[in-house]
Amino acid sequence: LAAGLAALTLLGNLASAQAIRHLSPALMTVAQRGEVIWVALLAWPVVGERPDRPFWLGVALALLGLVILQAPSGAADTRAVGFAWAGISLVAFGSMAVLTRRFIHAVDPSRVNGLRLWLAVGLWFAWYGVPPALAQVTPAQAGYTALAAFSGPFAGRLAMMTSARYL
C-alpha cells in the first residue's frame, strides 16, 4: 500500500508541476478540485459507495463552469495541455484517497504515511538522480525542508488517512 501511495504521490506532484507551467494558479486549483468527482466515481467500484442524484447535479454544474472558463481560441492549446496534466494529478491524488479508504482499517496510518514519503523520495532520486546542488544544502535549509515536509505532506496526509477511519 505504501509503495502504491508513494508512486501516486510522485506522479501527482510531477503532473502538478507540469500543469502549473500551462495554467494560472487559480485555474490550476479549480481544475484540481475535479478530484472530488474522481474520488466519488472510483469509490463506487472500489469501496462500494454509490454517488446520489445531487452529486450528479453538482458534477454537471462543475463541468459547465469549466466550459465557461475556457480561453479564447489563441490560448486554448496551452490550457488544454495544462488541464491534461492537472487531470493526471487529480487522478493520482484522488486514487490515493480511495486506496486509503479501502485499506485504512488494516494498516497503521502513521507507518504507511511515513513509508509512503520515504519511498516517494527514493523514487524521485531513482528517476532524476541526485542533484549536485544537494551537496550545498546547509543544515538550516535541511531543517526548514524537514519542517515543511512534516507540516505539509506528512501531517496533511496523516490527518486525511486518520479521518478516513471515521468518515
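What you see is a predicted model; the values in this text were computed from it and never measured. (Residues numbered from 1 in each chain as written. Predicted model: local features only at pLDDT ≥ 70, side-chain atom pairs only at ≥ 80, totals over all residues. Heavy atoms only, no water.)

**Student:** Before we go on, may I ask you to explain the pattern of salt bridges in this structure?
**Tutor:** Once their charged atoms are close, side chains differing in charge can pair, the charge on each being opposite to the other. In the structure shown here, the tally under the stated rule is two salt bridges. Across the salt bridge formed by Asp-108 and Arg-111, the nearest N and O atoms sit 3.6 Å from each other. We classify Asp-108 as partly exposed; its relative accessible area is 35%. The class of Arg-111 is exposed, set by a relative accessible area of 65%. (Salt bridge = Lys/Arg side-chain N within 4 Å of Asp/Glu carboxyl O. Buried < 20%, exposed > 50% of the residue type's maximum accessible area, 1.4 Å probe, protein only.)

**Student:** Looking at this structure, I do not really get the environment of Leu-61. What am I missing?
**Tutor:** Positionally, Leu-61 belongs in helix H4 (residues 53-68). Assessed through its relative accessible area of 61%, Leu-61 is described here as exposed. Linking Leu-61 and Leu-134, residues 73 residues apart in sequence, is a C-alpha distance of 46 Å. (Helix = DSSP H or I, 4+ residues; strand = E, 2+ residues; numbered from the N terminus.)

**Student:** Would you mind going over a nonpolar patch on the surface with me for this structure?
**Tutor:** Together, Leu-11, Val-81, Trp-85 and Ile-88 make up a nonpolar patch on the protein surface, roughly 290 Å² of accessible area in all. Counting residues per element, the nonpolar patch draws most heavily on helix H5 (residues 76-103), which supplies three residues. In this structure, Trp-85 sits in helix H5. (Patch = residues over 30% accessible without salt bridge, like charges linked within 9 Å, V, L, I, M, F, W, Y side chains within 5 Å. Areas by Shrake-Rupley, 256 points an atom, 1.4 Å probe, with all protein chains shown as cover.)

**Student:** Mind showing me how you'd approach the nonpolar core here?
**Tutor:** General note: in soluble globular proteins, nonpolar side chains tend to be found buried as a group. Judged by nonpolar contacts, Ala-2, Leu-5, Leu-8, Ala-92, Phe-93, Met-96, Ile-104, Val-112, Met-161 and Ala-164 together constitute the single largest core of ten residues. Elements that contribute at least two residues to this core include exactly helix H1 (2-20), H5 and helix H7 (139-164). For Val-112, the residues in contact, after removing those within four places along its chain, are Leu-1, Ala-2, Leu-5, Val-107 and Met-161. Among the nonpolar cores identified, the runner-up in size contains seven residues, and Leu-23, Leu-27, Met-28 and Ala-31 belong to it. (Core = buried A, V, L, I, M, F, W, Y, C linked by side-chain atoms within 4.5 Å. Contact = heavy atoms within 4.5 Å.)

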